[in-house]
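Working through the structure, step by step
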Amino acid sequence: MFLSKAAEREGRGDAPGEPLHVASRLHAFNRFELKYLVPVEQAAEIRDELAERMERDPHSPAGGYGVWSLYYDTPQLRFYWEKIEGLKFRRKLRIRHYGDLDGVTDASPVCVEIKQRVNRVTQKRRITLPYGLARQLCDGRELVPHSAKERAFVEEVLELIVRLNLRPAAITGYQREALVGRDADTGLRVTLDRRVRGRDRDFHFGTRTPENRFTVPPHLAVMEIKVNERTPYWITDLAARRNLHLVRVSKYVQSIEAFGLAPRSVFHIDEADYPPPSSHGQQSAQDAPMKAGAQ
């Protein structure tokens, strides 16, 4: 099934300053990440240039696939502020769905994921559950059926939600194209995310006609380079030749700030700083509500 395969490929209140360190080997991996802003009109050219040295992710169809994430946070947006303040250990809890949102049911597979950063290393741990069980765990705050090897992770998620009083904060969505390294670059993964949008309400993935809005200017895509150790020289050379901007962007932070849930920070991607090639016929993020779904 495409959704579970895409998820598999993607997978490869405590007091301030007292984070939980709970180990789990279930779908766990560490990576370094670099992010660049890419003009959408260059994205196809960059993808084709990357394809000369990389393979298209076998689970990424032509045109890419949708990625939708529901982020949880405290009423005071603790996880948001940990990112802004640059804590060396920080994390986020989210439910993630791969593919089109049309026809999402309680039986649809989703990932419950803890993404955390330890110094410069990004770590992800996740399990795959039917959407109904994921909501029962994260929204209903109930222990759900799980295997023995999933117990530590499920209990960590539930403890985190109950103790910190986590609740849905924002949904993000985008269209992703993915490439994977070959030969000496087998640990390399590059994704190109366009049409980055989201909402701060109607948190069910199956909501009919939700009003999503652009949270990153629509003429920009986000290119993420994910490596196990070091970035290949030819990747940094490509970025330099194309004058790409290395940024510290978080799609969750963008959503929180775009909807006025927190003041805009130094990390915010503002259209005034990255004007489109031509303003003719373009709508601003505030004027462009979009229906859900990965088109």
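Predicted model only: the values in this text are computed from it and were never measured. (Residues numbered from 1 in each chain as written. Predicted model: local features only at pLDDT ≥ 70, side-chain atom pairs only at ≥ 80, totals over all residues. Heavy atoms only, no water.)

**Some points on the overall build of the chain**
For the record, the criterion: Secondary structure counts use DSSP, requiring at least four H or I residues in a row for a helix and at least two E residues in a row for a strand, with both numbered from the N terminus. Only protein chains enter the area calculation, which uses a 1.4 Å probe; residues under 20% of their type maximum are buried, those over 50% are exposed, and those in between are partly exposed.
Scanning the chain from N- to C-terminus turns up 7 helices and 12 strands. Within the chain, the proportion of its 295 residues that are buried is 52%.

**Section: helix 6 (residues 233–241)**
Spelled out, the test is: The directions from the helix axis to the C-beta atoms form the arc being described.
Every buried residue of helix 6 is accounted for by Trp-234, Ile-235, Leu-238 and Ala-239. What you see down the axis of helix 6 is that its buried residues fit within an arc of 145°, all on one side. Exposed residues pointing more than 90 degrees away from the buried face of helix 6 are listed as Tyr-233 and Ala-240. Positive backbone phi, approximately 55°, marks Asn-243, located one or two places after helix 6.

**Focus on the pattern of salt bridges**
Side chains that differ in charge, positive against negative, can pair when their charged atoms come close. Our working definition: Salt bridge, as used here: a side-chain nitrogen of Lys or Arg that lies within 4 Å of a carboxyl oxygen of Asp or Glu.
Evaluated as defined, the whole model comprises 24 salt bridges. A salt bridge links Arg-189 to Asp-57; the shortest N-O distance between them is 2.6 Å. In this pair, Arg-189 is assigned in strand 8 (residues 189–199) and Asp-57 in the loop between strand 2 (54–56) and strand 3 (65–73), connecting sequence segments 132 residues apart. A salt bridge links Glu-156 to Arg-125, with the shortest nitrogen-to-oxygen separation between them at 2.6 Å. Of this pair, Glu-156 sits in helix 5 (residues 151–164) while Arg-125 sits in strand 6 (residues 121–130), and the two are 31 residues apart along the sequence. Across the pair, Arg-125 and Glu-156 agree in class, each one buried. Linked by salt bridges that have partners in common, Glu-45, Glu-49, Asp-237, Arg-241 and Arg-242 make up one network.

**Points about the packing of helix 2 (residues 40–50) against helix 6**
Defined as follows: Axes here mean lines fitted to C-alpha atoms, for a helix over just the part in contact, with angles spanning 0 to 180 degrees between N-to-C directions. Should an angle lie under 35 degrees it is considered roughly parallel, over 145 roughly antiparallel, and from 65 to 115 roughly perpendicular; all remaining angles are considered oblique. For any pair of crossing helices, the crossing counts as left-handed if the nearer helix is rotated counterclockwise from the farther one by less than a right angle, and right-handed if it is rotated clockwise. A contact between two residues is defined here by any heavy atoms of the two lying within 4.5 Å. Three classes are used: nonpolar for Ala, Val, Leu, Ile, Met, Phe, Trp, Tyr, Cys and Pro, charged for Asp, Glu, Lys and Arg, and polar for all others, with Gly counted as polar.
Two elements in contact, helix 2 and helix 6, have axes whose closest approach is 12 Å; the angle formed by their N-to-C orientations is 155°. Put simply, helix 2 runs roughly antiparallel to helix 6. For the pair helix 2 and helix 6, the crossing hand works out as right-handed. Contact with helix 2, carried on its side by Ile-46, Glu-49 and Leu-50, involves Trp-234, Ile-235, Leu-238 and Arg-241 of helix 6 and no other residues of that element. Classifying every residue of the contact of helix 2 with helix 6 by side-chain character gives 5 nonpolar, no polar and 2 charged.

**Regarding the confidence of the model for the chain**
A low pLDDT score tells you not to read the predicted coordinates there in detail. Threshold: For every residue, the predictor reports its confidence as pLDDT, a number between 0 and 100.
When pLDDT is averaged along the chain, the result is 84, and 84% of the positions lie at 70 or above. Counting contacts from residues 1–9, a segment whose pLDDT is below 50, to residues more than four positions away or on other chains yields 20 contacts. Across residues 11–25 the pLDDT falls below 50, and counting only partners more than four positions away or on other chains, this stretch makes 30 contacts in the model.

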